[in-house]
Amino acid sequence: MNTPSQTQVRRAIAEAQTIVVKVGSSSLTEPSGHLDPERLNALVAALARVRLMGGRVVLVSSGAIAAGFGSLGFDARPTDVADQQACAAVGQGLLMAQYEAAFAQYGLRVGQILITVSDTIAPQQYRNVRRTLERLLDLGAVPIINENDSLASNEIRFGDNDRLSALIANIVVADALVLLTDVDALYTAPPNEPGSRRIAYVPNVETALERVQVGGTGSNVGTGGMVTKMEAARVAAVSGIPSVLTCAANAGPAMMGDPVGTAFAPIHDRGSSRRLWIGFAAHPFGTLVADAGAAAAVRGGAASLLAAGVVEVKGEFAAGDAVWIDDEAGNHLAKGLAGFDSEEIPQMLGRNTAQLRRFLGEEYAHPLVHRDNLVLV
Ligand SMILES: Nc1ncnc2c1ncn2[C@@H]1O[C@H](COP(=O)(O)OP(=O)(O)O)[C@@H](O)[C@H]1O
Ligand SMILES: N[C@@H](CCC(=O)OP(=O)(O)O)C(=O)O
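Keep in mind it's a predicted model, so treat the numbers as computed, not measured.

Side note on the sheet that holds strand E17 (residues 374-376)
- Read from one edge to the other, the open sheet built from five strands follows the order E14-E13-E15-E16-E17, with strand pairing classed as mixed. Both edges of this open sheet fall to strand E14 (310-315) and E17, since each of them pairs with a single strand only. Between one strand axis and the next, the sheet turns through 25 degrees on average, direction left out of account.
- Here strand E15 (residues 322-326) runs beside strand E16 (residues 332-337); their pairing, made up of five bridges, is antiparallel. Across the sheet, residue alanine 322 finds its bridge partner in E16, namely leucine 337.
- Helix H11 (residues 292-300) contacts strand E13 (286-290), E16 and E17 of the sheet and is inclined by roughly 75 degrees relative to E16.

Observations regarding the pattern of salt bridges
- In the structure shown here, the tally under the stated rule is ten salt bridges.
- Measuring nitrogen to oxygen at the nearest pair gives 3.6 Å for the salt bridge that ties arginine 130 to glutamate 134. Of the two residues, arginine 130 and glutamate 134 are both situated in helix H5 (residues 123-138); the distance of four residues between them amounts to about one turn of the helix.
- Residue classification places glutamate 134 among the partly exposed residues on the basis of a relative accessible area of 31%.
- Linked through salt bridges whose partners overlap, the residues forming this network are Lys22, Asp162 and Lys229.

So, the pairing of E15
- Among the five residues that make up E15, four are buried, leaving the element largely enclosed by the rest of the structure.
- Here E13 pairs with E15 via three bridges, running parallel. Across the sheet, the residue bridging to threonine 287 is tryptophan 324, located in E15.
- Adjacent in sequence and paired antiparallel, E15 and E16 are bridged by five residues, among which glycine 330 carries a positive phi angle near 90 degrees.

Some thoughts on the environment of alanine 12
- Its place among the elements puts alanine 12 in helix H1 (residues 6-14).
- The spatial distance from the C-alpha of alanine 12 to the C-alpha of glycine 261 is 15 Å, given a sequence separation of 249 residues.

Notes on the packing of aromatic side chains
- Counting across every chain of the model gives two aromatic pairs.
- When the ring of tyrosine 99 is compared with that of phenylalanine 103, the centres are 6.3 Å apart and the planes differ by 35 degrees; the resulting orientation is tilted. Taken together, the residues tyrosine 99 and phenylalanine 103, both in helix H4 (residues 81-104) and four residues apart, mark about one turn of the helix. Here tyrosine 99 and phenylalanine 103 have matching classes, each one buried.
- Aromatic pair phenylalanine 340 and tyrosine 364: ring centres 5.7 Å apart, planes at 10 degrees, arrangement stacked. In this pair, phenylalanine 340 is assigned in the loop between E16 and helix H12 (353-360) and tyrosine 364 in the loop between H12 and E17, connecting sequence segments 24 residues apart. Each member of the pair, phenylalanine 340 as well as tyrosine 364, is classed as buried.
- Cation over ring: arginine 358 sits above phenylalanine 359, and NZ or CZ is 5.7 Å from the ring centre.

Description of the side chain of glutamine 85
- With respect to the element layout, glutamine 85 can be found in helix H4.
- For glutamine 85, a relative accessible area of 19% puts it in the buried group.
- Reaching out from glutamine 85, the side chain makes a polar contact with the backbone oxygen of aspartate 149 at a distance of 2.9 Å.

Some words on the pairing of E13
- In terms of burial, E13 is largely enclosed, as five of its five residues are buried.
- Residue alternation in E13 divides its side chains into two sets, Gly286, Leu288 and Ala290 and Thr287 and Val289, and both sets are buried.
- Note that E13 and E14 share five bridges and pair antiparallel. What sits directly across from glycine 286, in E14, is glycine 315.

Topic: the nonpolar core
- Ranked by internal contacts, the top residues of the largest apolar core, which has 46 residues, are Val20, Leu133, Ile145, Ile168, Val172, Leu186 and Phe264.
- Listed by contribution, the elements that provide at least two residues to this core are strand E4 (56-61), strand E5 (110-115), H5, helix H6 (162-171), strand E7 (176-181), strand E8 (186-187), helix H7 (205-208) and helix H8 (225-238).
- Here this core gets eight residues from one element, more than from any other, and that element is H8.
- Not counting residues up to four positions away in its chain, the partners in contact with valine 172 are Thr18, Val20, Val58, Leu133 and Leu137.

Details of H6
- With respect to burial, H6 is a largely interior element, nine of its ten residues being buried.
- What H6 keeps buried is the set Asp162, Leu164, Ser165, Ala166, Leu167, Ile168, Ala169, Asn170 and Ile171.
- Within two residues after H6, valine 173 carries a phi angle of roughly 50 degrees, on the positive side.

Parameters and conventions
- Residues numbered from 1 in each chain as written.
- Chains lettered and ligands numbered in written order.
- Predicted model: local features only at pLDDT ≥ 70, side-chain atom pairs only at ≥ 80, totals over all residues.
- Heavy atoms only, no water.
- Pairing = 2+ DSSP bridges.
- Helix = DSSP H or I, 4+ residues; strand = E, 2+ residues; numbered from the N terminus.
- Axes fitted to C-alpha atoms, helices over the stretch in contact; angles between N-to-C directions.
- Contact = heavy atoms within 4.5 Å.
- Salt bridge = Lys/Arg side-chain N within 4 Å of Asp/Glu carboxyl O.
- Buried < 20%, exposed > 50% of the residue type's maximum accessible area, 1.4 Å probe, protein only.
- Phe/Tyr/Trp six-rings, centres within 6.5 Å; stacked < 30°, edge-to-face > 60°.
- Lys NZ or Arg CZ within 6 Å of the ring centre and 35° of its normal.
- Polar contact = N/O pair within 3.5 Å; in protein donor to acceptor, adjacent residues only side chain to side chain.
- Core = buried A, V, L, I, M, F, W, Y, C linked by side-chain atoms within 4.5 Å.

Encoded structure:
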């Protein structure tokens, strides 16, 4: 696709019908670990304006842990995972109470959705999340999403909400993603470094990253810093979604297409959101090793992975879990959702569909990974 100009990208954001806005912990709380109602209300005012003008707004809000630790008696954001989960359980309620009251001033309802990575990998859950979000938007409500910190196991937590917001933008087929944080833009290096300069427009986030020095969080409540925000902007860009990164105080102007913060152009046309979700979110639990023929077929982009072309299965997984598809040299070719439990697969390897049907029964006469559930990496 042709690279759009900054003006075109800003205009696309201003005209977005469905918009996903992500706000970080540091933009909603005081360092002491209490919500800052003034900043939260200012953000809600900007979002309500877009909603009342007919836009469909999804808010991905961090801040549960930051809002909870002060009330639970911690002096600072705890580092122990169980402490963080307890703080999130308390803080999420406090956060939603504030949002409910703030949106109610504009006659708007909010709906809370808490998501874990593992909840959203299985096709059934993916469809449920999508359907609930769409119905909330159709009913005029503002969905407010956070990671389900109290349940998510640490190994597969997103941890920050930046990447989650880009995946949500995919799910709701958003026209724009707005990343709000405590710095007004992306800089050529962390803003406290002398000589770092604001970047107003990034036509290709993948190549730009080679020239920008991004660092971790600059606050004591945020997570991920600019690294995960760039990853979110990249996921949005390759999904065909323009994005803008700025500080929460600039939320209104950013959504109006004013030249604030940093705008990122889309770098591909839109793909299937479900496939993108598998590619970006699904955490692989094992590996299917393809022989040369199957590897070539998978690389071609339109083939399912058949048991006849698989030489080895590694790891333990259940049907519906994500797996890597590797070639025999160990290169990752694709990510996909397995059609069978790992323990069922060894007896299927090397057999064609007719043999699977004859020896194992009709229920085994299917691909190990169907092409609809497979994304090249
Ligand atoms: N190149 C960069 N440009 C801008 N900010 C950067 C850069 N590298 C690192 N940062 C840091 O990223 C921080 C924002 O991330 P984070 O603290 O995780 O915020 P949030 O809570 O909003 O997710 C900024 O405050 C800044 O200190
Ligand atoms: N889900 C967590 C998000 C953790 C976090 O701090 O994220 P962020 O501020 O977006 O870097 C919370 O609500 O506290």
